[in-house]
Amino acid sequence: MDVLSKPKRPQPRPVRLEGEPVANRYRERLDRHVAFGHKTYTPTQLVVRRAEGCWLESVEGQRLLDFSSGVLVANLGHNHPGFEAAYARYTDGVPRNCYNAISPLEVEAAERLVCNLNHPKLQKVLWADSGSAGIIKAIWAAQRARPEKHILIATRHGFHGKKGLAGDVTGDWSPNPNVRFISFPMYEVRDVSLLPSAEAGKDRLLGPYAQELEQLKVEHGDDLLLLITEPYLGAAGSFHPPKWYLQFLSKWCAENDVIFILDEVQSCHGRTGRMYAYQTYGIDPDIVVLGKGLGNGEPVAAAVGRADLMDSLDYGEGSDTYSGNPHACAAVLAALDIYESEPVVENCRAMSRVLQEGLSQLRDDFPCVAHVRGEGLVWGMEMADYRGLPAEVVANATVLECYRHGLHLLGPLSKKVLRISPPLVITEDELREGLNRMRQALTALTKRL
Ligand SMILES: Cc1ncc(COP(=O)(O)O)c(C=O)c1O
């Protein structure tokens, strides 16, 4: 993706909200001292003082239910007591950095992670300090393992990060001449794509996707190096494919000696209702890239894959200052402790049904909601044009109205899709409370528009 070629949209700078004198002062000070591009635009620019579980407290003292989990990071909720206690125990007295030494925490975290992944192909870990760096390292490993192959296949409208090679395989156009995009199911499979009915008629639907890959084989033959995809398109607006699509990609890669990289930066650690999305979808990646939930908020990511691929990089070729530092590894261990002792993923599955029902009801009741799509606890609510207003305006107004009703959302995905992604530990009462606040917000908004 070429960040600089994106057209500029006029956005208020800084955001000022009526009745928020304390927050407005922080917003102004931030604007004075932090580069504008550092922040992602949301109509609220919430200023948070504290957080606990699924709740945030603003500097004005307002309590908000968090339907964003940070940015799908705090899967265990904020300041989870068990996670924090384990993290404090692991980090007690250890150095923050071990660049030119080995930390027992790193060894233990890698062992535990591979064991937790529990897949014969996912054997060795390459740590990273962000999701996009993990993607880049996964691609480097593949490139180094097969230097004679050049073509990188990516699913169109995916998001793998903004930096370097991760940016190259993002979106629908690439400055990298070796990148080829293939189609990913979007509006073809509407609303709740993981229903068994989405599997019906798959042979007919599969045809065009298979043809695109066969055409790439004709054009590039043995030059096809890897295929990278997200399990579902996140940033593009929450498009969750039927299982047969990803199973087809996985099988096609295996049959054609193409390295299959699954970007689980967002989906890992329970989001889709299983610990990993490759389990949800029944697929066999050669490398998975993990991030966000991996350290429950601590900046840590990892590419984990086949030993023959991951070991293709020589001493230092996959290292950098912060990757795999002891505190990052402590967060990985503390998170695994909780996942392995508490029913986090089971709760996600149970709450998924409540959320699906609640969001579908909102779609049925409010004409400004066009579609609802999702799985586990990662859902998208696509807004419609409404009373002459474009969906983009309706989406931003809904985020702001939800905020006024004490519900924190991310800024819209792809301009018009609201992301609903509460912590996986949310209780049924909290979830229903959040849905109720959304209903009140939509009622107030539609009366006003
Ligand atoms: C699927 C996916 N891949 C990669 C990234 C990039 O991760 P990071 O922002 O940590 O570099 C993201 C971030 O949102 C993501 O959602």
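Presented here is a report on the structure given in the accompanying data block. Everything numeric here is computed off the predicted structure, so don't read it as measured data.

**A closer look at the pattern of salt bridges**
Close approach of charged atoms allows side chains of opposite charge to pair.
Reasoning step 1: By the definition in use, this model includes 23 salt bridges.
Reasoning step 2: Note that arginine 16 is salt-bridged to glutamate 28, the shortest N-O span being 2.1 Å. Separated by 12 residues along the polypeptide, arginine 16 in the segment before helix H1 (21–33) and glutamate 28 in helix H1 bring together distant segments of the chain.
Reasoning step 3: In this structure glutamate 28 comes out as partly exposed when scored by relative accessible area, which is 27%.
Reasoning step 4: Between glutamate 382 and arginine 373 there is a salt bridge whose closest N-O contact spans 2.9 Å. Taken individually, glutamate 382 and arginine 373 each receive the classification buried, so the pair is uniform in this respect.
Reasoning step 5: Bridged by salt links that share partners, the residues Lys121, Asp286, Arg306 and Asp308 form one connected network.

**A few points about the nonpolar core**
Reasoning step 1: Leu359 and Met438 are the most contacted members of the largest nonpolar core, which has 99 residues in total.
Reasoning step 2: It is helix H11 (residues 326–341) that contributes the most residues to this core, 11 residues altogether.
Reasoning step 3: When residues of this core are sorted by domain, at least three fall in each of domain 1 (3–72 + 344–448) and domain 2 (81–341).
Reasoning step 4: Setting aside anything within four residues of it in sequence, one finds methionine 438 in contact with Phe67, Leu359, Leu362, Met381, Cys402, Leu407, Leu418 and Ile420.
Reasoning step 5: Grouped together as the second largest cluster of nonpolar side chains are 26 residues, Ile135, Ala138, Ala154 and Ile261 included.

**Some points on the pairing of strand S1 (residues 48–52)**
Reasoning step 1: Where S1 meets strand S2 (residues 55–58), 4 bridges bridge the pair, whose relative direction is antiparallel. Looking at the pairing, valine 48 lines up with serine 58 of S2.
Reasoning step 2: Adjacent in sequence and paired antiparallel, S1 and S2 are bridged by 2 residues, among which glycine 53 carries a positive phi angle near 60°.

**Things to note about the sheet that holds strand S13 (residues 407–408)**
Reasoning step 1: Spatial strand order, S1-S2-S3-S13: 4 strands in an open sheet with mixed pairing. In this open sheet, the two edge strands, each paired with only one partner strand, are S1 and S13.
Reasoning step 2: Relative to the sheet, helix H14 (residues 428–448) contacts S2, strand S3 (63–66) and S13, its axis offset from that of S3 by approximately 105°.

**Remarks on the environment of cysteine 268**
Reasoning step 1: With respect to the secondary-structure elements, cysteine 268 resides in the loop between strand S8 (259–264) and helix H9 (277–281).
Reasoning step 2: Under the relative-accessibility criterion, cysteine 268 is labelled buried at 0%.
Reasoning step 3: Here the alpha-carbon distance between cysteine 268 and aspartate 364, two residues 96 residues apart in the chain, equals 31 Å.
Reasoning step 4: Dropping the residues within four chain positions of it, cysteine 268 is found in contact with Asn75, Met275, Tyr276, Leu290, Gly291, Gly293 and Leu294.

**Focus: the pairing of S2**
Reasoning step 1: As judged from the 3 bridges shared by S2 and S3, these two strands associate in the antiparallel manner. Bridge pairing in S3 places tryptophan 55 opposite leucine 65.

**Some remarks on the packing of helix H13 (residues 391–404) against H14**
Reasoning step 1: The interhelical angle for the contact between H13 and H14, taken along N-to-C directions, is 125°, at an axis separation of 9 Å. Looking at the two axes, H13 sits oblique to H14. Between H13 and H14 the crossing geometry is right-handed. Mapping the contact onto sequence places Val394, Ala397, Thr398, Glu401, Cys402 and Arg404 in H13 and Met438, Ala441, Leu442, Ala444, Leu445 and Arg448 in H14.
Reasoning step 2: Of the residues in the contact of H13 with H14, the class split is 8 nonpolar, 1 polar and 3 charged.

**Here we look at a positive patch on the surface**
Reasoning step 1: Residues Lys243, Arg274, Arg349 and Arg353 make up a contiguous surface patch of positive charge.
Reasoning step 2: Here lysine 243 is to be found in helix H8 (residues 243–255).
Reasoning step 3: For lysine 243, a relative accessible area of 32% puts it in the partly exposed group.

Conventions adopted
- Residues numbered from 1 in each chain as written.
- Predicted model: local features only at pLDDT ≥ 70, side-chain atom pairs only at ≥ 80, totals over all residues.
- Heavy atoms only, no water.
- Salt bridge = Lys/Arg side-chain N within 4 Å of Asp/Glu carboxyl O.
- Helix = DSSP H or I, 4+ residues; strand = E, 2+ residues; numbered from the N terminus.
- Buried < 20%, exposed > 50% of the residue type's maximum accessible area, 1.4 Å probe, protein only.
- Core = buried A, V, L, I, M, F, W, Y, C linked by side-chain atoms within 4.5 Å.
- Domains from an automatic or database assignment.
- Contact = heavy atoms within 4.5 Å.
- Pairing = 2+ DSSP bridges.
- Axes fitted to C-alpha atoms, helices over the stretch in contact; angles between N-to-C directions.
- Parallel < 35°, antiparallel > 145°, perpendicular 65-115°, else oblique.
- Left-handed = near helix turned anticlockwise from the far one by under 90°.
- Nonpolar A, V, L, I, M, F, W, Y, C, P; charged D, E, K, R; others polar.
- Patch = residues over 30% accessible without salt bridge, like charges linked within 9 Å, V, L, I, M, F, W, Y side chains within 5 Å.
- Areas by Shrake-Rupley, 256 points an atom, 1.4 Å probe, with all protein chains shown as cover.
- Lys, Arg positive; Asp, Glu negative; His and termini not counted.
- Charge placed at Lys NZ, Arg CZ, Asp CG, Glu CD.

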